Amino acid sequence: MSRLFTLICLAFALVLTGCAQPVKTDYTAFKQSKPKSILVLVPQNHTTEVGAGHSFLSQVTYPLAEAGYYVFPVAVVEETFKQNGLSMAGDIHAVSPNKLREIFGADAVLYLDITEFGTSYQIISSDTRVTVTAKLVDLHNGGVLWSSSATASSTETDGSSGSLVGMLVSAVVNQIVNTVSDKSYQIAGITSVRLLSAGHANGILYGPRSPSYGKDAE
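Residues numbered from 1 in each chain as written. Predicted model: local features only at pLDDT ≥ 70, side-chain atom pairs only at ≥ 80, totals over all residues. Heavy atoms only, no water.

## Digging into the overall build of the protein chain
Broken down by element type, the protein chain carries nine helices and six strands. A buried classification covers 38% of the 218 residues belonging to the protein chain. For the protein chain, long-range pairs separated by at least 24 residues make up 71% of all intrachain contacts whose partners lie at least 6 apart in sequence. Carbon together with sulfur atoms contributes 58% to the accessible area of the protein chain, which is approximately 12,400 Å² in total. (Helix = DSSP H or I, 4+ residues; strand = E, 2+ residues; numbered from the N terminus. Buried < 20%, exposed > 50% of the residue type's maximum accessible area, 1.4 Å probe, protein only. Contact = heavy atoms within 4.5 Å. Areas by Shrake-Rupley, 256 points an atom, 1.4 Å probe, with all protein chains shown as cover.)

## A word on the nonpolar core
In terms of nonpolar packing, the biggest core is built from 49 residues, with Val 40, Leu 100, Leu 110, Trp 146 and Ile 204 touching the most fellow members. Beyond its immediate sequence surroundings of up to four residues, Ile 204 is in contact with Phe 30, Ile 38, Leu 64, Ala 67, Tyr 69, Leu 136, Trp 146, Leu 196, Ser 197, Ala 198 and Gly 199. (Core = buried A, V, L, I, M, F, W, Y, C linked by side-chain atoms within 4.5 Å.)

## Here we look at helix α5 (residues 74–83)
Inspection of α5 places Val 74, Val 77, Glu 78 and Phe 81 among the buried residues, and these make up the whole buried set. Projected onto a plane normal to the axis of α5, the buried residues spread over an arc of 95° and lie on a single side. Along α5, the residues that are exposed and aim more than 90 degrees away from the buried face are Ala 75, Val 76 and Gln 83. Looking at the buried residues of α5, the elements they touch are β1 (37–40), α3 (52–57), α4 (61–67), α6 (89–93) and α7 (97–104). (Arc of directions from axis to C-beta.)

## A closer look at the side chain of Ser 197
Position of Ser 197 relative to the elements: it lies in the segment after α9 (183–196). Among the polar contacts listed, one links the side chain of Ser 197 to the backbone oxygen of Val 193, at a separation of 2.6 Å. Setting aside residues up to four positions removed in sequence, Ser 197 forms contacts with Pro 63, Ser 192, Gly 203 and Ile 204. (Polar contact = N/O pair within 3.5 Å; in protein donor to acceptor, adjacent residues only side chain to side chain.)

## Quick word on the pattern of salt bridges
If you walk through the whole model with that rule in mind, you get four salt bridges. A salt bridge links Arg 101 to Asp 107; the nearest nitrogen and oxygen atoms lie 3.4 Å apart. Judged by relative accessible area, which is 16%, Asp 107 ranks as buried. In this structure, Asp 127 engages Arg 129 in a salt bridge whose closest nitrogen and oxygen atoms are separated by 2.9 Å. Overall, the relative accessible area of 2% leaves Asp 127 in the buried class. By relative accessible area, which is 28% here, Arg 129 ends up partly exposed. (Salt bridge = Lys/Arg side-chain N within 4 Å of Asp/Glu carboxyl O.)

## Some thoughts on the packing of α5 against α7
Packing of α5 against α7 brings their axes to within 12 Å, and their N-to-C directions diverge by 110°. When the axis of α5 is compared with that of α7, the two are roughly perpendicular. Residue-level inspection shows Val 77, Thr 80 and Phe 81 of α5 in contact with α7, the latter providing Leu 100, Ile 103 and Phe 104. A breakdown of the residues in the contact of α5 with α7 according to their chemical character gives five nonpolar, one polar and no charged. (Axes fitted to C-alpha atoms, helices over the stretch in contact; angles between N-to-C directions. Parallel < 35°, antiparallel > 145°, perpendicular 65-115°, else oblique. Nonpolar A, V, L, I, M, F, W, Y, C, P; charged D, E, K, R; others polar.)

## Focus on the packing of aromatic side chains
Under the definition given, this model contains four aromatic pairs. Ring centres of Phe 72 and Phe 104 lie 6.3 Å apart, and the angle between their planes is 75°; this geometry places the pair in the edge-to-face category. Of this pair, Phe 72 sits in the loop between β3 (70–71) and α5 while Phe 104 sits in helix α7, and the two are 32 residues apart along the sequence. When sorted by exposure, Phe 72 lands in the same class as Phe 104, which is buried. An aromatic cluster of at least three residues, connected via ring pairs, comprises Tyr 70, Phe 72, Phe 81 and Phe 104. The ring of Tyr 111 is capped by Lys 135, whose NZ or CZ atom sits 5.6 Å from the centre of that ring. (Phe/Tyr/Trp six-rings, centres within 6.5 Å; stacked < 30°, edge-to-face > 60°. Lys NZ or Arg CZ within 6 Å of the ring centre and 35° of its normal.)

## Some remarks on unusual backbone geometry
Residues other than glycine seldom take positive phi values, yet Lys 34 does so here, at roughly 50°. One non-glycine residue, Asn 202, lies in positive phi territory at about 65°. Counting through the fold element by element, Asn 202 comes out in the segment after α9. Note on Asn 202: relative accessible area 27%, which makes it partly exposed.

Such coordinate-based values are descriptive only and should not be taken to indicate function.
Listed below in structure tokens is the structure:
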């Protein structure tokens, strides 16, 4: 009887989960702020891949520019911090919004955190995965305008058919190839587009340089 009750509870929980609606982003502050320019800081890297931060940073300008924003050249921004004695992402992220506004004159700053980056061997598969979270902050008042996260994985288009031995061999080969060819860089590009492109649910709003500016769906 207790087992039946447990199964019923589980089924009910699944029904509730299926009925739950995705949380919608509140764009009120974003629309009031109307940022025109974005300063992107070097990401904080929470993975063991040393080059993850710069690998992702090199690919953020395109989707933001396509969304309609002026993006400060990331190499120039990083060099400016170095000239002022700041080279670590944690120290750079600790600089106050007021100071960033004073130095660069930007409307908003984008903070990035990398939580997954690289290729891992998973018994019968090899997965190259990149996960990044983002937070856009108004440099006029320090308020959060928008935040989100995105993930991309090499397994999204991988087939899984074949014998167990074949899948094991394929997993090992894929891990070697993905590591040697820096597959993470390609996956990071996909993550960047998913995270920072405008025009999709809970995504960043279109900027003033875009013909779609002000036409975002509610």
